[in-house]
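Examining the three-dimensional arrangement
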Amino acid sequence: MRSIYIARRVISELVRDKRTLAMMFVAPVLIMFLMKLIFTQSATTSVTVATVGVDGQVRSALNDVKHVTVQKRATNHSAQKALKAQKVDAVIHETSANHYTVTYANTDATKTSLVKVGFNAALTANGIKTLKQTTTKLSQTVTQMAATLAKVSPQAAAILKAPQAKPAASTKITNHYQYGDKDTGFFDKIVPILMGFFVFFFVFLISGMALLKERTTGTLDRLLATPVRRGEIVLGYMLSYGILALIQTVIIVLCTVGFMGVEITGTLAAVMVINFLLALVALAFGILMSTLAQSEFQMMQFIPIIVIPQVFFSGIVPLDSLASWVKDISYVLPLTYAGNAMTQIIMYGTKLSGLGLDIGVLLLFLLVLTALNVRGMRRYRKV
Amino acid sequence: MTEPLIALKHLQKRFGKQTVLADVSLTVAGGEILGLIGPSGAGKSTVIKTALGMEVADGGSAAVLNTQMPNRQLLGRIGYMAQDDALYEALSAEENLRFFGRMKGVAKADMATEIAHVAAVVDLTPDLKKAVSGYSGGMKRRLSLAIALLGDPELLILDEPTVGIDPALRRKIWGELHKLRDAGRGILITTHVMDEAELVDDVALLLGGKVMAYGAPSMLEAQYDVQTIEQVFLKAEGVA
Ligand SMILES: Nc1ncnc2c1ncn2[C@@H]1O[C@H](COP(=O)(O)OP(=O)(O)OP(=O)(O)O)[C@@H](O)[C@H]1O
Ligand SMILES: [Mg+2]
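The following refers to the structure shown.

**Quick word on the environment of Arg142(B)**
All names here are of chain B. Mapped onto the elements of the fold, Arg142 is located in helix H4 (residues 137–149). Classification of Arg142 as buried rests on a relative accessible area of 15%. When the C-alpha atoms of Arg142 and Asp85 are compared, they prove to be 9.3 Å apart, with 57 residues separating the residues in sequence. Look past the residues within four positions of Arg142 in its chain and what remains in contact with it is Val122, Asp123, Leu124, Ile165 and Leu169.

**A closer look at the environment of Leu169(B)**
Residue and element names in this part refer to chain B. Along the chain, Leu169 turns up in helix H5 (residues 167–182). Between the alpha carbons of Leu169 and Lys17 there is a distance of 41 Å; along the sequence they are 152 residues apart. Those residues within four positions of Leu169 in sequence are excluded, and the remaining contacts are Val122, Asp123 and Arg142.

**Comments concerning the pairing of strand E7 (residues 155–159) of chain B**
Residue and element names in this part refer to chain B. Where burial is concerned, most of E7 is hidden: five out of the five residues are buried. Alternating positions in E7 separate into two faces, Leu155, Ile157 and Asp159 on one and Leu156 and Leu158 on the other, with burial throughout. Bridge count for strand E6 (residues 78–81) against E7 is four bridges, and the pairing is parallel. The residue bridging Gly79 from the neighbouring strand is Leu156, located in E7. Taken together, the five bridges between E7 and strand E8 (residues 186–190) define a ladder with parallel strand orientation. The partner of Leu156 across the bridge, within E8, is Ile187. In this fold, the crossover linking E7 to E8 by way of H5 has right-handed handedness.

**A few points about the packing of helix H9 (residues 230–258) of chain A against helix H10 (residues 268–290) of chain A**
Residue and element names in this part refer to chain A. Across the interface, H9 lies against H10 with an axial gap of 8 Å and an inter-helix angle of 135°. Classed by the angle they form, the pair H9 and H10 counts as oblique. Here H9 and H10 pass one another in a crossing that is right-handed. Packed against H9, whose contacting residues are Tyr237, Met238, Tyr241, Gly242, Ala245, Leu246, Thr249, Val250, Val253, Leu254 and Val257, the element H10 presents Leu268, Val271, Met272, Asn275, Phe276, Ala279, Leu280, Leu283, Ala284 and Ile287 at the interface. Taken together, the residues that form the contact of H9 with H10 break down as 18 nonpolar, three polar and no charged.

**Topic: a nonpolar patch on the surface**
On the surface, a nonpolar cluster with roughly 540 Å² of combined accessible area is contributed by Leu30(A), Phe33(A), Leu34(A), Leu37(A), Ile38(A) and Phe259(A). Its place among the elements puts Leu34(A) in helix H2 (residues 18–43).

**Re the side chain of Asp89(A)**
Residues and elements named next belong to chain A. Looking at the secondary structure, you find Asp89 in the loop between helix H4 (76–84) and strand E3 (90–96). Looking at Asp89, the relative accessible area reads 18%, which means it is buried. Excluding its chain neighbours within four sequence positions, the residues that come into contact with Asp89 are Ser46, Val47, Thr48, Leu83, Thr103, Tyr104, Ala105 and Lys111.

Conventions adopted
Residues numbered from 1 in each chain as written. Chains lettered and ligands numbered in written order. Predicted model: local features only at pLDDT ≥ 70, side-chain atom pairs only at ≥ 80, totals over all residues. Heavy atoms only, no water. Helix = DSSP H or I, 4+ residues; strand = E, 2+ residues; numbered from the N terminus. Buried < 20%, exposed > 50% of the residue type's maximum accessible area, 1.4 Å probe, protein only. Contact = heavy atoms within 4.5 Å. Pairing = 2+ DSSP bridges. Right-handed = clockwise from strand over helix to strand, strands pointing away. Axes fitted to C-alpha atoms, helices over the stretch in contact; angles between N-to-C directions. Parallel < 35°, antiparallel > 145°, perpendicular 65-115°, else oblique. Left-handed = near helix turned anticlockwise from the far one by under 90°. Nonpolar A, V, L, I, M, F, W, Y, C, P; charged D, E, K, R; others polar. Patch = residues over 30% accessible without salt bridge, like charges linked within 9 Å, V, L, I, M, F, W, Y side chains within 5 Å. Areas by Shrake-Rupley, 256 points an atom, 1.4 Å probe, with all protein chains shown as cover. Salt bridge = Lys/Arg side-chain N within 4 Å of Asp/Glu carboxyl O.

Here it is in structure tokens:
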């Protein structure tokens, strides 16, 4: 019961603190907006593709794709040289009929995917055209032949039927990358983790500051001079900042989807649930860390120590190739689990029910941190 | 003879290597005001915090309302005013009062009358709706006192309640304290204002971690052969 009053008080204090509110709600939006500016800018870059021995129709179809320019090269050697010299962004080499070898510079993931998508579109467009032409030609031939045959032998003509639509010529594309591999869609990969990171960062900082202020102004002592339970204080803070974190999570997630145009394969609700869970962990974490700080400046010092490493170790950089002890660090960071769950939902459409482990670990974090907080309050009152 | 509201026996408290309280024994009975005086840094606030259970004693015992401290439930029956004004600056005085009232467990039905009463005692009725950040130092002190008075506690523990309060209001507040005492409440008060020490029933002079003098003001004045408590203070400090 008292926790609700504490939560209400914290909220009415916050509502009057316009700056902090702005920090919680506007800052993430601003950052997302800036990222949109940066990343969509490169999405409109155009690419130049060198083709070697590619059929003229495919070439012109590719040239028709927006932001794609085609250069015809005589030999594969000269094309590859142009690629190395950064004159072209990709080389398409038709090694034999309908077998293409594509080499990408792949220094810019957006360019690579533009070539990929453009080339596929060109092949499809061309394929349909060719198919139509072939079919018309064939039926013409058949009619002519039938007419000729009918004169010679009427029985044979009956055997000869107009052929069915020929199955599409099997097209084979082999991809080569001058740099990296096909997974270098870097930005797509980090978006889920970045989103979680923003949620974590802002909630961690502000909740920690709030309890710190309560302690340094002495109101915590005064509060503890009433029969309130230590757990009720922690719960009151979790409640009030939980509501705030919920609003913030919704804003950040909607911004990521709306501004950044990130496509979510799973459900939006699942993304929000994971983010909210992460926000609660950040909340408990912030409160715990604030007990170790003597001032707001000391609270800021936790950012490079506690907040930033989470980004490095939680999957933005693939850790597979690193020493196993480095990987072990990531297992104790909440962002690892949230980032993993979010990646699963956003990229593979995994349902919440399939993410039991990640959710379980996050809940465990929340439980342990909350218990530590209640326990930590003992420093200010023994009962 | 009724049980004392506060009974401190041979209380000891150390902060690291520094022994702040060496041996402090004192009692506050119902219907009595005990004034705790002593130079700055003598350990007055420490006595109070240990009695409340916010600090654990290193030796001796602290019993409040017949219960060994620390005890959480008991805190609802004590009105405590800390030395520093710990208030929620963004909230209005009324919101501060209501919040602490709820924390102390004041019944919802009594809240409005309680707030009106304590605000009247400290003369804050016209400023109740104002945000505390716009209060003067003395107004904050008065609001702090009002919060301690909430819920009509059996025991009041006030750490320098009258700092920064003008003489007329101070007199009014002392009038209220005497009224509470006459109604059977016990009050433990610390002060640096020596003429206030004349207004209490018993004075305890804290020096060097010990209670150097303890008794009714008139008795102490006779014992030290001086006219005022201020002279007792100076004389005792000179000896120590
Ligand atoms: N939390 C603490 N940690 C370390 N030392 C402390 C702590 N609290 C008080 N002290 C020390 O204990 C001594 C007594 O402090 P206390 O606040 O009880 O003095 P006081 O008599 O109330 O002084 P004043 O009249 O100035 O309020 C001081 O020397 C102080 O430095
Ligand atoms: Mg003091």
